[in-house]
Amino acid sequence: QCPWGAPNTTSISCSLADVMSEQLAKELQLEEENAAFPEVVAVAEGPFITGENIDTSSDLMLAQMLQMEFDREYDAQLRREEKKINGDSKVSISFENYRKVHPYDSDSSEDEVDWQDTRHDPYRADKPTTTPRRGFIGKGKDITTKHDEVVCGRKNTARMENFAPEFQVGDGIGMDLKLSNQVFNALKQHAYSEERRSARLHEKKEHSTAEKAVDPKTRLLLYKMVNAGTLETITGCISTGKESVVFHAYGGKSATEDKVIPPECAIKVFKTTLNEFKNRDKYIKDDYRFKDRFSKLNPRKIIRMWAEKEMHNLTRMQNAGIPCPEVVILKKHVLVMSFIGQDQVPAPKLKDVTLSSEDMKKAYYQVLNMMQQLYKDCNLVHADLSEYNMLWHDGKVWLIDVSQSVEPTHPHGLEFLFRDCRNVSQFFQKEGVAEALNERELFNAVSGLNITADNEVDFQEEIEALEKMNEDHVQNHGKKLSMFSSDGDPPIYDE
Ligand code: ADP
Ligand code: MN
């Protein structure tokens, strides 16, 4: 007796159960794959493609980035397996060839991708139980099922022609080759994978410039927000700056009942490049709120801190009742806030809007009041205040872009305030607001200080002297003056 049992005499082993389970498995895999990106598909075909200057390709890219992430993890897994098998053996095997194949069977996604915050519930039976399609042709006695070896074998060989044109099927087509369903399906699957892969690689190249705006990790983060339902759709880019990229999105549903996500959101992505954040050193390095943390942090964490800073500052402003974006959620270096504007159109910057002289005057007094509130109630100096960071919406001025804002006792806080005052004063004077205070008057009005110098140079000198005094105080007493206000509250200016 043969120790391996009786030799199998049938040329092709192809039991019904075998084929059925194989087919079913493949079908499930395909379905699963199709179900994997439903939102993204919806996004790509969504109703918002109509806008002109809106880059809708970003949604498609999100899906692609996620795919890339999967692929990358699959490759990493392969490499681990390879290492495990090879150990320090002299003869090693390589999984290199498998790396090209789309990872249908990969389940290595847990380690890098954090799925906790996605809506996917692994315990829910969401796989549809499919009944295999009608698997036969003919009637009565002449029924030929798709499992008939000879008929199917020939048909399968012929159908190989329908694979993607780049897919090498060999010269089997001219011959009377009979492929078993199992082999055929495996081949089909492989051809399909290859087709997708080459499409992916192609697209990767095409989008490489657009991708520079947002890196793969950020894309994944954004995708997860959509997947988690926080955001309904990300429609496109509003602004690309040196230090940030801002996207528009429609809000989704909140996981918790008490927090309502605004119908339209702005997503500010802080850029994670080294050279850009260097410009901002001077703001954050001396901000005592971040002092202890600064020295220990790597660039990536510092970028996150900018986002965090913007979030905290916006919250302070919100609490003080200053019109500004409302914080929705912060994830790493991505800050989601309410959108100032409507129907994907951001509110115009003050520099771009044409206002009646009456509205302009109203805007001026509002800005003056907001600067005072910011200083007094929020204990903040905007530090980048100008007509570029003020939006005109709903008949009033909204302040944005506060990641660089500092407390007045920041070693350069008063200098930043003076610069803000100069910008504001010059803008409104240029716009013909006769009531607009000059920069020095404005500075005193906002800070409550009483610097009497009547020229800019002396004024600046006094400011720096005050800052130095504060620094000395810090040196001697280990803590800052609570505020620079010398004689109580700043005077109230009003219409
Ligand atoms: P940057 O540091 O790049 O100047 P900003 O916060 O000023 O970053 O955002 C850049 C631009 O994006 C703004 O000028 C404004 O047009 C738009 N923007 C930013 N936040 C919002 C928002 N919440 N709603 C509407 N538009 C916004
Ligand atoms: Mn700005």
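Each value, and the rule that gives it
- Residues numbered from 1 in each chain as written.
- Chains lettered and ligands numbered in written order.
- Predicted model: local features only at pLDDT ≥ 70, side-chain atom pairs only at ≥ 80, totals over all residues.
- Heavy atoms only, no water.
- Near = heavy atom within 4 Å.
- Polar contact = N/O pair within 3.5 Å; in protein donor to acceptor, adjacent residues only side chain to side chain.
- Areas by Shrake-Rupley, 256 points an atom, 1.4 Å probe, with all protein chains shown as cover.
- Helix = DSSP H or I, 4+ residues; strand = E, 2+ residues; numbered from the N terminus.
- Nonpolar A, V, L, I, M, F, W, Y, C, P; charged D, E, K, R; others polar.
- Domains from an automatic or database assignment.
- Patch = residues over 30% accessible without salt bridge, like charges linked within 9 Å, V, L, I, M, F, W, Y side chains within 5 Å.
- Salt bridge = Lys/Arg side-chain N within 4 Å of Asp/Glu carboxyl O.
- Lys, Arg positive; Asp, Glu negative; His and termini not counted.
- Charge placed at Lys NZ, Arg CZ, Asp CG, Glu CD.
- Buried < 20%, exposed > 50% of the residue type's maximum accessible area, 1.4 Å probe, protein only.
- Axes fitted to C-alpha atoms, helices over the stretch in contact; angles between N-to-C directions.
- Parallel < 35°, antiparallel > 145°, perpendicular 65-115°, else oblique.
- Contact = heavy atoms within 4.5 Å.
- Expected span 1.5 Å × (residues − 1).
- Core = buried A, V, L, I, M, F, W, Y, C linked by side-chain atoms within 4.5 Å.
- Donors = N, O, S within 2.8 Å, 3.2 Å for Na, K, Ca; no water.
- Phe/Tyr/Trp six-rings, centres within 6.5 Å; stacked < 30°, edge-to-face > 60°.

## Let's talk about the site of ligand 1
- Around ligand 1 lies a shell of 15 residues, among which Ser244, Lys268, Ser338, Ile340 and Asp401 are the nearest.
- Between Ser244 and ligand 1, the recorded distance is 2.8 Å, taken from a side-chain N or O atom to an oxygen atom.
- A distance of 2.8 Å separates a nitrogen atom of ligand 1 from a polar backbone atom of Ile340.
- Protein chains bury 90% of the 540 Å² of accessible surface belonging to ligand 1 in isolation.
- Contributing elements (two or more residues each) for the shell around ligand 1: β4 (244–251), β5 (264–270) and β7 (334–338).
- For the shell around ligand 1, the residue count by class is eight nonpolar, four polar and three charged.
- Per-domain counts for the shell around ligand 1 show at least three residues from each of domain 2 (213–346) and domain 3 (349–478).

## Considerations on a negative patch on the surface
- On the surface, Asp454, Asp458, Glu461, Glu462 and Glu464 cluster together to form a negatively charged patch.
- Positionally, Glu462 belongs in helix α15 (residues 456–477).
- Judged by its relative accessible area of 31%, Glu462 is partly exposed.

## Quick word on the pattern of salt bridges
- In this structure the tally under the stated criterion is nine salt bridges.
- Its salt-bridge partner being Asp401, residue Lys268 comes within 3.0 Å of it at the nearest N-O pair. Taken together, the positions of Lys268 in strand β5 and Asp401 in the loop between β11 (396–399) and α13 (413–430) put the pair 133 residues apart, joining distant regions of the chain.
- By relative accessible area, Lys268 is classed as buried at 7%.
- Salt bridges here are not isolated pairs; linked through shared partners, they connect Lys268, Glu310 and Asp401.

## Observations concerning the packing of helix α12 (residues 357–376) against helix α14 (residues 439–447)
- At a minimum axis distance of 8 Å, the contact between α12 and α14 shows a crossing angle of 45°. Here α12 lies oblique to α14, going by the angle between them. Contact residues: Tyr364, Leu368, Met371, Gln372 and Tyr375 in α12; Leu442, Ala445, Val446 and Ser447 in α14.
- Looking at the contact of α12 with α14 residue by residue, the class counts come to seven nonpolar, two polar and no charged.

## Here's the deal with helix α7 (residues 216–227)
- Here α7 is twelve residues long and its end C-alpha atoms lie 16 Å apart, about the 16 Å a rise of 1.5 Å per residue gives.
- Where burial is concerned, most of α7 is hidden: ten out of the twelve residues are buried.
- Among the residues of α7, those classed as buried are Thr218, Arg219, Leu220, Leu221, Leu222, Tyr223, Lys224, Met225, Val226 and Asn227.
- Positive backbone phi, approximately 90°, marks Gly229, located one or two places after α7.

## Observations concerning the nonpolar core
- Among the nonpolar cores identified, the biggest contains 61 residues, and Leu350, Tyr364, Met371, Phe428, Leu442 and Phe443 are the most heavily contacted of them.
- Both domains that furnish three or more residues to this core are identified here as domain 2 (213–346) and domain 3 (349–478).
- When residues no more than four places from it in sequence are discounted, the contact partners of Phe443 are Leu414, Leu417, Phe418, Cys421, Gly448, Leu449, Ile451, Phe459 and Ile463.

## Notes on the coordination of the manganese ion (ligand 2)
- On the protein side, the manganese ion (ligand 2) has Asn389 (OD1) and Asp401 (OD) as donor atoms, found 2.2 Å from it. Of the two residues, Asn389 sits in the loop between α12 and β10 (390–393) while Asp401 sits in the loop between β11 and α13, which places them twelve residues apart along the sequence.
- In this structure Asp401 comes out as buried when scored by relative accessible area, which is 17%.

## Comments concerning unusual backbone geometry
- Although it is not a glycine, Asp343 adopts a positive phi angle of roughly 50°.
- Looking at where Asp343 falls in the secondary structure, it is placed in the loop between β8 (341–342) and β9 (345–346).

## Remarks on the side chain of His393
- Note on placement: His393 falls in strand β10.
- The exposure class assigned to His393 is buried, which follows from its relative accessible area of 19%.

## Considering the environment of Leu66
- Within the secondary structure layout, Leu66 lies in helix α3 (residues 57–86).
- Counting along the chain gives 150 residues from Leu66 to Pro216, while the straight-line C-alpha distance between them is 8.2 Å.

## Brief notes about the packing of aromatic side chains
- A full pass over the atoms with the stated rule returns six aromatic pairs.
- Ring geometry for Tyr364 against Phe428: centres 5.3 Å apart, planes inclined by 70°, an arrangement best described as edge-to-face. Separated by 64 residues along the polypeptide, Tyr364 in helix α12 and Phe428 in helix α13 bring together distant segments of the chain.
- Ring geometry for Phe427 against Phe428: centres 5.1 Å apart, planes inclined by 80°, an arrangement best described as edge-to-face. The same class applies to Phe427 as to Phe428, namely buried.
- Here the aromatic residues Tyr364, Tyr365, Phe427 and Phe428 are joined through ring pairs into a cluster of three or more.

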